[in-house]
Amino acid sequence: MKKHFLIVCLGLALFWNVSAQEESPLNSSYLAEYGISPKILDAAASVLLQEGSFVQNLEIEIGNVQGNGTYKTQIVYDPSYKDGKDIRFLIEQGQFSKSDLKSLKKAIEKSHKLSRLSRSNLYDESSLKLVRSDSQEIVFGYRYSKNNIEPELKDIKKYDGQIFISNGILEKIELSSLKKLSEGKENFKRIVYYQRVTELKGYIISEIKESYTVKGQNFEFTYKTADYTTPNGTRVSWAGKPSSSAFFDTEKVVDTVNVTLGWGLPIFGKPATKLGFGLPRPVGINVIVHSQDDDLDFQGISVGFGDGELADLSSLFDLESSNIVQTTNTYFVRPDVWIFPFLNVSGIIGRADNTVAGNFNLDPEFRQGIVDLAPFLGLSPGDIPQSLPLNIDVSANIIGGAVTLGGGIGDVFASGTYQFIRASVEEANTTTTANAYVLLAGYRFPNNLNVFAGSMGQFYDSDVSGFFELEDGNILRYNVNFIPTQWNALFGVNKGFGKHWDFMVQLGIGGRQQLTAQLGYRF
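Just so you know, these numbers come straight off a predicted model, no measurement behind them.

Caption draft 1: Spatial organisation of the overall build of the chain. In terms of regular secondary structure, the chain is built from six helices and 24 strands. Among the 523 residues that make up the chain, the fraction classed as buried is 40%. Sequence-distant contacts, at least 24 apart, represent 59% of the contacts inside the chain between residues at least 6 apart. Looking at the chain as shown, the accessible area adds up to about 28700 Å², and 56% of this sits on carbon and sulfur atoms.

Now the structure itself:
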């Protein structure tokens, strides 16, 4: 009985001891307690997320049923070189065939591809936990966040990470994945070794060992940092630093090959990101549905048949009191690209269905003259209408473009857009052009929710000529002159879903009533 009691007590003691060990530091975190910045975990996900420039000696071993092949190259990365959009690698002349060089270039591009939009603190803080601890080594486990990760780093969502701390110093981070990664990678494992830089404080990556299998081929990469320079230009030294110059056979000529990493746009995008500005992905495609009712103030109407002169009918109507509304439903696609962090250029192509409906009120004097003549025409004065109804349906193919200037400070943003639209109206055999100006200001709330307000001005051809083909074969020519509503107020919301999808709803009020819905995807 005593023996069982002692076992139970010992089990409870062990339980409370383990529970105490697994409890996270109060008002702190494991990383903070050991002086490890989250940037360390970012760098394990992508070596390009280190601060500064570096040179890596890379040895590659590829094994398959036909045997093993060993290659070596040297990788040079400098964030100031071509705005950090390119990475260079050095090879001994004649070492690679054209096909092998192409494969190597593609492999380096994919393994180092990085979006300038990638944020910091990529790991999921809630996943950080103590795996084991003894007098000499402590191991923590963690996962990377599944939200807001750029496509270039999408594989890290599947990584299981472990942080190894030996005698209070970060030794290495191990990343592995039992799930298949992009490009068909299986059995992935990466070990990232760190070296503490005592004179500058902090850590640099000293070595990376990575392995995986693709379609029966085994790939092994060994990266050894041979040179490292801080953003301020200070050369870093550390214990065991290899030589970069002794990596190649000095008797052979070394060639330099450039590899482009990700989009080259927007220009100056990386410096803007470093300054703390959040940028959307550079290229987008948007599907837009737009509906509006516009009050038209007609100034003149002229009609004619065939090649005859147009007769001015304006004096027959009280145009000022007439009520004519143009209803437009537009469906179009708008591809766009950010050229600079503050400048967006887009194209517009689509179709519009228009209905012009209302009543042209007869001029009182003209109508009274007809009423007086009604008995002589065999008509009753009550048969003479107060107005003539109008209902015309026309369709148009539209094409155009737009330029947007935008920016923000903190969560407040503003933009100004100019749009040019050219519409070919099929039934009326005419072409019209329109210029639109949109001024917006808004506030960015958490969870990618933006609320904005502003104004839109629409200015388009107010003197339109064309012709209709009548059923009897005659041609009715026309010329109309009108003044549309120019400015109205706008209110709207935009909701982003991750880094790619967004949905916008916009309401316009005033003399022009409008409703716009937009679904967009960014690459």
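We are not done yet, so read on.
Caption draft 2: Spatial organisation of helix H3 (residues 38-45). Of all eight residues in H3, six are buried, a share of seventy percent or more. Those residues of H3 lying buried are Ile40, Leu41, Asp42, Ala43, Ala44 and Ala45. Residues of H3 that are buried sit in contact with helix H2 (30-33), strand E5 (137-143), strand E6 (160-166), strand E7 (169-177), strand E8 (186-196) and strand E9 (203-214).

Caption draft 3: Focus on the pairing of E5. Among the seven residues in E5, five count as buried, and that is most of the element. In this structure, strand E4 (residues 129-133) lies alongside E5, joined through four bridges in antiparallel fashion. Looking across to E5, one finds that Lys129 is bridged to Gly141. Counting the residues that bridge the hairpin from E4 to E5 gives three residues.

Caption draft 4: Looking closely at unusual backbone geometry. Positive phi, close to 65°, is recorded for Glu183, a residue that is not glycine. As for its placement among the helices and strands, Glu183 is situated in the loop between E7 and E8. The residue Lys215 is not glycine, and still its phi comes out positive at about 50°. In this structure, Lys215 sits in the loop between E9 and strand E10 (217-229).

Caption draft 5: Up close: the side chain of Arg190. On the secondary structure map, Arg190 appears in strand E8. Setting aside its immediate chain neighbours within four residues, Arg190 contacts Ala44, Ala45, Tyr159, Ile173, Glu174, Leu175, Ile208, Lys209 and Glu210.

Caption draft 6: A look at the nonpolar core. Counting 57 residues, the largest nonpolar core has Leu41, Tyr142, Tyr144, Ile163, Ile173 and Tyr194 as its most contacted members. When residues in this core are grouped by element, the largest group, six residues, is from E9. In contact with Tyr142, other than residues within four places in its own chain, are Leu41, Ala44, Tyr123, Ser127, Leu128, Asp160, Gly161, Gln162, Ile163, Ile173 and Leu175. If you look at the next biggest cluster of nonpolar residues, it comprises 27 residues, including Leu296, Phe332, Phe360 and Ala434.

Caption draft 7: Local environment of the pattern of salt bridges. Applying the stated criterion to the full structure yields seven salt bridges. Arg143 is the salt-bridge partner of Asp160, the closest N and O atoms lying 3.2 Å from each other. One end of the pair, Asp160, is in strand E6; the other, Arg143, is in strand E5, with 17 residues separating them in the sequence. Given a relative accessible area of 38%, Asp160 falls into the partly exposed group. Among the residues examined, Arg143 registers a relative accessible area of 28% and is labelled partly exposed. One salt bridge connects Arg522 with Asp336, and the closest N-O pair in it is separated by 2.8 Å. Residue Arg522 is found in strand E24 (residues 512-522), and its partner Asp336 is found in strand E14 (residues 323-340); the two are separated by 186 residues along the sequence. Of the two residues examined, Arg522 and Asp336, each falls in the buried class.

Caption draft 8: The side chain of Thr230, seen in detail. Among the secondary structure elements, Thr230 is positioned in the loop between E10 and strand E11 (254-260). Relative accessible area serves as the criterion here: at 17%, Thr230 is assigned to the buried category. With sequence-adjacent residues up to four places away left out, Thr230 is seen in contact with Gly52, Leu200 and Val236.

Calculation notes
Throughout this description, residue numbers start from 1 for each chain and increase along the sequence as written. The model is predicted, so local features are restricted to residues of pLDDT at least 70 and side-chain atom pairs to those at 80 or more, both for listing and for counting; the totals for chains, interfaces and linings are taken over all residues. Hydrogens and waters are ignored; side-chain quantities use all the structure's heavy atoms. Helix and strand definitions here come from DSSP, where helices need a minimum of 4 consecutive H or I residues and strands a minimum of 2 consecutive E residues; each element is numbered from the N-terminal end. Note on classification: 1.4 Å probe, protein chains only; a residue is buried when its accessible area is under 20% of the maximum for its type, exposed when over 50%, partly exposed between these limits. In what follows, residue pairs with any heavy atoms lying within 4.5 Å of each other are defined as contacts. Computed with the Shrake-Rupley method and a 1.4 Å probe, the accessible areas treat only the protein chains shown as cover for residues. In this scheme, strands are said to pair when DSSP sees at least two bridges between them. To define a nonpolar core, start from buried Ala, Val, Leu, Ile, Met, Phe, Trp, Tyr and Cys residues and group those joined through side-chain atoms within 4.5 Å. Salt bridge criterion: a side-chain nitrogen from Lys or Arg within 4 Å of a carboxyl oxygen from Asp or Glu.

The analysis is restricted to geometry; functional conclusions fall outside its scope.
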